[in-house]
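Here are the chains, one letter per residue:
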Amino acid sequence: MHLSLIKATVEDAEIILNMQRRAFMPLLEKYQDYDVNPANETIERVMERILNRNGGFYKIILDQQIVGAICISHRDGYEWISPMFILPEYQGKGIGQAVLIEIESMFHNSKVWQLATIQEEERNCYLYEKMGYVSTGISKEINDKATLIYYKKVAEDYHGT
């Protein structure tokens, strides 16, 4: 299994949006989180993320096949991950873990990483906790079915706030 992350270009926007919709549609149907779910995003929003000078989308390539994407934004001294997705047929194979290791390696000077996920999605929470992310104690109720929980990971050699 050979995994790599390749920075997306505007030519990738439609592919990323279609994959994002496929990956997040089961969660949209389950939680009905229409205002925040990436399955409801527009092509314009995906293009904004691709063109973001303070980050960008990275295609997740597994054995020469695009299987997902991860978006990174540099914000006020930390990296924000949102969204990250793997196509359903590739989930549960360790790809998410490998992607987090790779992206953190690519941005090795970054000291703090943050993200949010649906608290009710125990597999997602388990992945992030396994990779060293810790709940910040901050949460935001989306609706009566779902709550966003925020995670943070601080580099071991970093002692800032």
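Rules used in this analysis
Residues numbered from 1 in each chain as written. Predicted model: local features only at pLDDT ≥ 70, side-chain atom pairs only at ≥ 80, totals over all residues. Heavy atoms only, no water. Helix = DSSP H or I, 4+ residues; strand = E, 2+ residues; numbered from the N terminus. Rg over C-alpha atoms; globule rule 2.2 N^0.38 Å. Buried < 20%, exposed > 50% of the residue type's maximum accessible area, 1.4 Å probe, protein only. Contact = heavy atoms within 4.5 Å. Axes fitted to C-alpha atoms, helices over the stretch in contact; angles between N-to-C directions. Left-handed = near helix turned anticlockwise from the far one by under 90°. Nonpolar A, V, L, I, M, F, W, Y, C, P; charged D, E, K, R; others polar. Phe/Tyr/Trp six-rings, centres within 6.5 Å; stacked < 30°, edge-to-face > 60°. Polar contact = N/O pair within 3.5 Å; in protein donor to acceptor, adjacent residues only side chain to side chain.

Draft legend 1. Layout of the overall build of the chain. The secondary structure content of the chain amounts to four helices and seven strands. Counting from the amino terminus, helix and strand elements in the chain follow one another as β-α-α-β-β-β-α-β-α-β-β. Taking 161 residues into account, the globule formula puts the C-alpha radius of gyration at 15 Å, and the chain, at 15 Å, falls close to it. Overall, the chain is about 40 × 40 × 30 Å in size when its C-alpha atoms are taken along their principal axes. Buried residues in the chain amount to 46% of all 161 residues. Put simply, 61% of the contacts in the chain that link residues at least 6 apart link residues at least 24 apart.

Draft legend 2. Geometry of the side chain of Glu121. By the element assignment, Glu121 lies in the loop between strand S5 (112-118) and helix H4 (122-130). Assessed through its relative accessible area of 14%, Glu121 is described here as buried. Other than its neighbours up to four places away in sequence, Glu121 contacts Leu27, Lys30 and Tyr31.

Draft legend 3. Examining unusual backbone geometry more closely. The step from Ser82 to Pro83 runs through a cis peptide bond, and the omega angle for that step is -5 degrees. Here the phi dihedral of Gln64 falls at roughly 70 degrees; this positive angle occurs in a residue that is not glycine. Of note, Gln64 is situated in the loop between strand S2 (55-62) and strand S3 (65-75). The phi torsion at Asp76 lies on the positive side, around 40 degrees, for a residue other than glycine.

Draft legend 4. Quick look at the packing of helix H1 (residues 13-31) against helix H2 (residues 43-51). It is at 9 Å that the axes of H1 and H2 come closest, and there the two elements cross at 115 degrees. Along this stretch, H1 crosses H2, giving a crossing that reads as right-handed. Touching Ala13, Glu14, Ile16, Leu17 and Gln20 of H1 are Ile43, Val46, Met47, Arg49 and Ile50, all from H2. Of the residues in the contact of H1 with H2, the class split is seven nonpolar, one polar and two charged.

Draft legend 5. Fine view of the packing of aromatic side chains. Within this structure, the stated rule accounts for seven aromatic pairs. Aromatic pair Phe57 and Phe85: ring centres 6.4 Å apart, planes at 75 degrees, arrangement edge-to-face. In this pair, Phe57 sits in strand S2 while Phe85 sits in strand S4 (residues 78-86), placing the two residues 28 residues apart along the sequence. As far as the burial class goes, Phe57 and Phe85 line up, both buried. Ring plane angle 35 degrees and centroid distance 6.1 Å describe the contact between Trp80 and Tyr150, whose orientation is recorded as tilted. Here the residue Trp80 occupies a position in strand S4, and Tyr150 occupies one in strand S7 (residues 147-154), the gap between them amounting to 70 residues.

Draft legend 6. Spotlight on the environment of Asn54. Assignment of secondary structure puts Asn54 in the loop between H2 and S2. Each C-alpha atom of the pair Asn54 and Leu5 lies 17 Å from the other, and the pair is 49 residues apart in sequence. Apart from residues lying up to four places away in sequence, Asn54 is in contact with Ile72, Ser73 and His74.

Draft legend 7. Quick peek at the environment of Val134. With respect to the helices, strands and loops of the structure, Val134 is situated in strand S6 (residues 134-141). A relative accessible area of 53% places Val134 in the exposed class. Along the sequence, Val134 and Gln114 sit 20 residues apart, while their C-alpha atoms lie 9.4 Å from each other.

Draft legend 8. Region of the structure containing the side chain of Lys153. Residue placement: Lys153 occurs in strand S7. With a relative accessible area of 18%, Lys153 lands in the buried category. A polar side-chain atom of Lys153 sits 2.8 Å from a polar atom in the side chain of Glu104. Aside from chain neighbours lying at most four places away, what touches Lys153 is Glu104, Lys111, Val112, Trp113, Met131, Gly132 and Tyr133.

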